Amino acid sequence: MKKTLAFVLLMVALPAFAHPGHDANPLQDGLLHPLTGLDHLLMLLGTGVLAALTGRRLSLPLATLAAMFAGAVCGHLFGDVLGMEPMIVGSLLVAAAALLLPSRQWLLALIMPVFALFHGWAHGVEATPSAFWLFSAGFVTVSGLLLAAGFAGGCLLRRHTGLQKAFAGGLLAGAALVLAG
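Residues numbered from 1 in each chain as written. Predicted model: local features only at pLDDT ≥ 70, side-chain atom pairs only at ≥ 80, totals over all residues. Heavy atoms only, no water.

Under an unreviewed UniProt entry, the name given to the chain is HupE/UreJ family protein, and the source organism is Pseudomonas muyukensis.

Laid out in structure tokens, this is it:
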């Protein structure tokens, strides 16, 4: 019953914190976007933390960035895709679950690039077509920095399981805020 309720809530979630209209200052808007969208910010920091906790130095962050950019190109070329918003919220839930279930961290960390594809897709859909490449350069740059910041935080969290659980709680709270719209 709980799983069904969670699934229904994910499917009726309001759109994530997207910010359309990035044509006035596309590079600046791209640089700021990952910092102003709670869903993107938490997913990137969570993935960086998971990369540190699972010993994936560069593979997970690079796969996440590549998937996010590939998703942005797909969103730019093809527009909206069904299930994009629930997948974005799902990324926060999976990152939180990975922190709460250390025995499953490695497996759940491998799924994060799939979720990043949908985050990127949202970026591609919301970017103004004429400003897509500048906007993308900005959001990919800051996304990489957020992954690095999450990785640094994850290195500190390695020795503190209580703080890992607190961070997971923050991800769950962030997912609840995104769901609430």
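Right, let's talk about the overall build of the chain for a bit. The secondary structure content of the chain amounts to eight helices and zero strands. Scanning the chain from its N terminus toward the C terminus, one meets helices and strands in the order α-α-α-α-α-α-α-α. Counting every position in the chain, which comprises 181 residues, the buried fraction comes to 46%. Residue pairs at least 24 apart in sequence account for 83% of intrachain contacts in the chain once pairs closer than 6 positions are excluded. Carbon and sulfur atoms make up 74% of the accessible area of the chain, which totals about 8,600 Å². (Helix = DSSP H or I, 4+ residues; strand = E, 2+ residues; numbered from the N terminus. Buried < 20%, exposed > 50% of the residue type's maximum accessible area, 1.4 Å probe, protein only. Contact = heavy atoms within 4.5 Å. Areas by Shrake-Rupley, 256 points an atom, 1.4 Å probe, with all protein chains shown as cover.)

This part is about the packing of helix α5 (residues 84-100) against helix α8 (residues 161-180). Their axes nearest at 8 Å, the elements α5 and α8 cross at an angle of 165 degrees. Compared by their axis directions, α5 and α8 come out roughly antiparallel. The crossing of α5 and α8 is left-handed. Residue-level inspection shows Val89, Leu92, Leu93, Ala95, Ala96, Leu99 and Leu100 of α5 in contact with α8, the latter providing Gln164, Lys165, Phe167, Ala168, Leu171, Leu172, Gly174, Ala175, Val178 and Leu179. Its residues assigned to classes, the contact of α5 with α8 comprises 14 nonpolar, two polar and one charged. (Axes fitted to C-alpha atoms, helices over the stretch in contact; angles between N-to-C directions. Parallel < 35°, antiparallel > 145°, perpendicular 65-115°, else oblique. Left-handed = near helix turned anticlockwise from the far one by under 90°. Nonpolar A, V, L, I, M, F, W, Y, C, P; charged D, E, K, R; others polar.)

Under the 1.5 Å per step criterion, the end-to-end length of helix α6 (residues 105-126) is 32 Å for 22 residues, consistent within 8% with the ideal 32 Å. Considering bend angle alone, the principal kink of α6 is centred on Pro113 and spans about 25 degrees. (Expected span 1.5 Å × (residues − 1). Bend = angle between axes of the 7 residues up to and from the residue.)

On to the confidence of the model for the chain. Mean pLDDT for the chain: 85, with 87% of residues reaching 70 or above. By mean pLDDT, helix α1 (residues 2-11) is the weakest element of the chain at 48, and helix α4 (residues 59-78) is the strongest at 96. (pLDDT = per-residue confidence, 0-100.)

Along the chain, Ala72 turns up in helix α4. Relative accessible area serves as the criterion here: at 0%, Ala72 is assigned to the buried category. When the C-alpha positions of Ala72 and Glu126 are compared, they lie 9.3 Å apart, and in sequence the two are 54 residues distant.

In this section: the UniProt feature "transmembrane region" (unreviewed entry) in the chain. Following the UniProt record, one finds the feature "transmembrane region" (unreviewed entry) at residues 34-53, 60-78, 84-101, 106-125 and 131-157. Secondary structure over residues 34-53 splits into 95% helix and 0% strand, and the C-alpha atoms at its two ends are 22 Å apart. Here residues 60-78 runs as 100% helix and 0% strand, with 26 Å between its end C-alpha atoms. (UniProt positions renumbered as here; feature names shortened; annotations may be inferred.)

Throughout the structure, instances matching the rule amount to three aromatic pairs. Where Phe132 meets Trp133, the ring centres are 4.8 Å apart and the plane angle is 80 degrees; that geometry is what we call edge-to-face. With relative accessibility at 55%, the residue Trp133 sits in the exposed group. On the numbers, 5.8 Å between centres and 50 degrees between planes, the contact of Phe135 with Phe139 is tilted. Taken together, the residues Phe135 and Phe139, both in helix α7 (residues 132-157) and four residues apart, mark about one turn of the helix. By relative accessible area, Phe139 is classed as buried at 0%. A network of ring pairs unites the aromatic residues Phe69, Phe132 and Trp133 as a single cluster. (Phe/Tyr/Trp six-rings, centres within 6.5 Å; stacked < 30°, edge-to-face > 60°.)

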